[in-house]
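Remarks on the overall topology
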Amino acid sequence: MATLQKIRSKGPLLLIVIGLAMLAFILGDAWKIIRPNQGVQYVGEIDGESISAMDYQAEVENYTEVVKFELGTNDLTEEQNAAIKDEVWSIMVRRKILEKEAGAIGLTVTDAEVRDVIEKGTDPILSNTPFNDANGKFDVDYLKQFIAYYDAIDPSEMSAQEYASIASAYKYWLFIEDNIKSSLLYSKYVSLVTAGIKSNPIASKNAYETRTKRTDVLLASIPYSSIPDSAVKVTSADIKKMYAENKEMLFNYSENRDIVYIDYEILPSEADRAALGVELNELTSQLEEMQDDYDAFLRRAGSNETYSEVARSELFIPEDVFARFDSVNAAGMFGPYYNEDDDTWNAFKLISKEKGYDSIQYCIMQIATGNAAEDARISDSICTAVKKGSDFAEIAAKYSQIGTAQWIGSENYEAASLSGDNAAYLNTLNSMKKGDVTALAVKNGYLVIKLEDFKNQIDKYKAAVVKRSVEFSDETSKEAYDKLSLFVAANPTVKQLRENAENEGFHLLYYPGFESYSYNVGGVAKSHEALRWLFEASEDEVSRIYEAGSNNDHLLVVGLEAIHEQGYRSIKDKNVLSTLTYKAANEKKFETISQTLAKAATMAEAKNIAGVRMDTVKYVNFTNSAYISNSMANENNVGPAVYSLDRDVLSAPIKGDGCVFVAQKIAPDEFPVEFDQEAEDSRVEAVANRQIGNGILQELYFQAGIVDDRYKIF
């Protein structure tokens, strides 16, 4: 990154497109999350401790800056912001649970242990930091240099932009350091708990055989669907039996709700489309008369496309626009025209067609003494020396800069709207020949540039493109709202929504087990108000109409069908009842089908049974599921059923998830990997450690009585 490169070289900061992503991060508006409702103080509880909204919000903002720094962007999507909020909550929960458990037994992580991890530089968390060398390996000396520089700087002696970029890098490192400490504490705790886990010869041999032993299997199967549900009678006793057998699978770890909703998208009308066409006629006339300042014009015109003073390749030009370039000459106009593929009206002026490089290798240094004449003299002197054979990097080192060759691809800058020094810099690079050296005057001095090499000289274009998406008008929006409003007024209960929605042309969607951390309803952006209502409403209640969607282009109505508290789901729950009825019916179907398959003494006889389908499955083993085409499903019971079966012996009928089958091994057992006692012992212990480690956190999480009320605020 440009900022960290500056720290490494201790040279003047080069605020050019080399660091475009970082520059955008620095200059952009700071991201703001929704401020908490002042009437609510807490976002939840962890092990009885209330978590303040202010603390949670502060951590979200800090982590947001970390993510922006990692991605090199200032703009995050709604999905990314939601993911950040969830990750922060998870981090807070894990931290508090783990610190409590570790504190109870006096388990700590020292600063010396953290420093040791950093010095070694092998921890995976260090592999993607900006403190890496040219080979992508973590460079602890580089990190130390950066921290020393940060500690010594005086913010008053540098620009706000420069200091902000350095401070962001420092905050990012503090985040990495904190993660190292948390990871060490977790590893210590799990290691302590699992220290007594040891394998034994029997367990290791069994693990080896169930993992590696394999064979080819011939299957004869009949699906449960071959017997109609109407032919099976399921009693209340059957349901109770299934409930007892499957009760642990019906446990809610947090409250959830069954909901229904109508997501009514507002679409532009033909009248809206025609009105934009009229507007494009006027914009096209204005664009044709313009000779410069295209960027400002496109902003005023509301174009989806930006203008750049640096020519762009085909990749960064809308496909429909590029396809029409051959229809106009240089400085020619085209449009307006409607593009059905993206529902836009368009017009463009092709300003120039020129050659440029796909990728460029170059060396660069900045001369900025504060005296323009001196900058010009030094730059000219350097150019002369390099042209005569002096080493560019050696000269750069005298000015505390690196100056080694680096590559930049057109994909790194063509998407940006470039002007001024940035545009001049890139246009200069694209106009130079291999071996050329030049000095470019910029706002803060001179850039001395040498073009070392390039890849692919390709066609590039400068064009001012007006691309406007067709949007619905206020009249269209009102018409959609009125239509939905009439329907909701006439159907104020969930039962009525279910009965009448489809008949009135509204698609009613069902979402069982909806939980508050979803942040929106049905994936509709900006539907948080509807979500909040859902967790305050009563069963069978229907909400008002909410305007939602990224562009307020969705009308949302939600209904609360059922509330499921934390704990075991009731046998009377309709979804539970449906699941249990299905299982009970399949149990009875299994009895019937197995009696039919049991009549076959050989696979040849089984093959002749009506409704049987034959499958050959290769490399079946104990641990992997097998796909059966008859039920179009992966069956987990095939491997265990044939594991101890002798070759060419027909198995008894086996209960699958989608069918009943009999199986026969048709090949000898294979062991493609030789048994290694020591290696298998290690494998068994590693698997057990991993399972126990994950299970510990899950159990601690449940015991902590987590209350997640973030939906009330964020």
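Analysis parameters
Sequence positions are assigned chain by chain, starting from 1 and proceeding in written order. Residues qualify for local features only when their pLDDT is at least 70, as the model is predicted, and side-chain atom pairs are given and counted only at 80 or more; totals for whole chains, interfaces and linings, by contrast, use all residues. To get the side-chain values, all heavy atoms of the structure are used, and hydrogens and water are removed first. Note on conventions: DSSP H or I runs of at least 4 residues are helices, E runs of at least 2 residues are strands, and numbering of each starts at the N terminus. All radius of gyration figures rest on C-alpha atoms, and the globule criterion is 2.2 Å times the number of residues raised to 0.38. Relative accessibility decides the category of a residue: with a 1.4 Å probe and only protein chains considered, values under 20% of the type maximum give buried, values over 50% give exposed, and everything between is partly exposed. Note on contacts: a residue pair is in contact if any heavy atoms of the two residues lie within 4.5 Å. All accessible-area figures derive from a Shrake-Rupley calculation using a 1.4 Å probe, and residue coverage is judged against the displayed protein chains alone. A helix is expected to span 1.5 Å for every residue after the first. Salt bridges are defined by distance alone: a side-chain nitrogen of Lys or Arg within 4 Å of a carboxyl oxygen of Asp or Glu. Cavity: a set of points on a 1 Å grid over the protein atoms alone where a 1.4 Å probe fits but cannot get out. Pocket: an open set with protein on both sides within 12 Å along at least five of seven lines, its lining residues, like those of a cavity, having an atom within 4 Å of a point. Grid points are joined across faces, edges and corners, and a volume is the space filled by probe spheres set on the points. Amino acids are sorted into nonpolar (Ala, Val, Leu, Ile, Met, Phe, Trp, Tyr, Cys and Pro), charged (Asp, Glu, Lys and Arg) and polar (every other residue, Gly among them). Surface patches are drawn from residues lacking salt bridges whose relative accessible area is over 30%; two like charges belong together within 9 Å, two nonpolar side chains (Val, Leu, Ile, Met, Phe, Trp, Tyr) within 5 Å. By nonpolar core is meant a set of buried Ala, Val, Leu, Ile, Met, Phe, Trp, Tyr and Cys residues that side-chain atoms within 4.5 Å join together.

**Some points on the overall build of the chain**
- In terms of helices and strands, the chain carries 22 helices and 21 strands.
- Its C-alpha atoms give the chain a radius of gyration of 34 Å, clearly above 27 Å, the size a compact globule of 714 residues would have.
- Taken along its principal axes, the extent of the C-alpha atoms in the chain is 100 × 70 × 60 Å.
- Here the chain, with 714 residues, has 45% of them falling under the buried criterion.
- Residue pairs at least 24 apart in sequence account for 72% of intrachain contacts in the chain once pairs closer than 6 positions are excluded.
- When the accessible surface of the chain is split by element, carbon and sulfur atoms take 48% of a total near 37400 Å².

**Looking at helix α3 (residues 53-71)**
- For α3, spanning 19 residues, the distance from its first C-alpha to its last is 27 Å, which sits close to the expected 27 Å at 1.5 Å a residue.
- For α3, the full list of buried residues reads A53, Y56, Q57, V60, Y63, T64, V66, V67, K68 and F69.
- One or two positions beyond α3, positive phi appears at G72, with a value near 65 degrees.

**Quick look at the pattern of salt bridges**
- Taken as a whole and judged by the stated rule, the model has 39 salt bridges.
- Of the charged contacts, one joins K588 and D238 as a salt bridge, the two residues approaching to 3.3 Å between their closest N and O atoms. On the criterion of sequence distance, the pair formed by K588 in helix α19 (residues 574-597) and D238 in helix α9 (residues 236-246) is long-range, its members being 350 residues apart.
- The class for K588 is partly exposed, based on a relative accessible area of 25%.
- In this structure, E529 and R532 form a salt bridge, with 3.4 Å as the shortest nitrogen-oxygen distance. You can see E529 and its partner R532 sitting in helix α18 (residues 528-534), 3 residues apart, about one turn around the helix.
- Here the residues in one salt-bridge network are D86, D708 and R710, joined through shared partners.

**Details of empty space enclosed by the protein**
- On inspection of all chains with the given rule, the structure shows 3 cavities of 30 Å³ or more.
- Estimates place the volume of the largest cavity at around 100 Å³.
- Residue lining of the largest cavity: 13 residues in total, with R312, F316, I317, A463 and V465 positioned closest to the centre.
- Looking at the lining of the largest cavity residue by residue, the class counts come to 8 nonpolar, 2 polar and 3 charged.

**Brief notes about a nonpolar patch on the surface**
- There is a patch of nonpolar side chains on the surface, built from I105, L192, V193 and I692 and spanning about 330 Å² of accessible area.
- Mapped onto the elements, I692 comes out in helix α22 (residues 677-703).
- A relative accessible area of 33% places I692 in the partly exposed class.

**Notes on the nonpolar core**
- V43, Y56, W89, I118, F138 and W173 are the most contacted members of the largest nonpolar core, which totals 53 residues.
- Residue assignment for this core shows that the elements contributing at least two residues are β1 (42-46), α3, α4 (78-104), α5 (111-120), α6 (140-152), α7 (160-194) and α22.
- Looking at this core element by element, the count peaks at 11 residues for α7.

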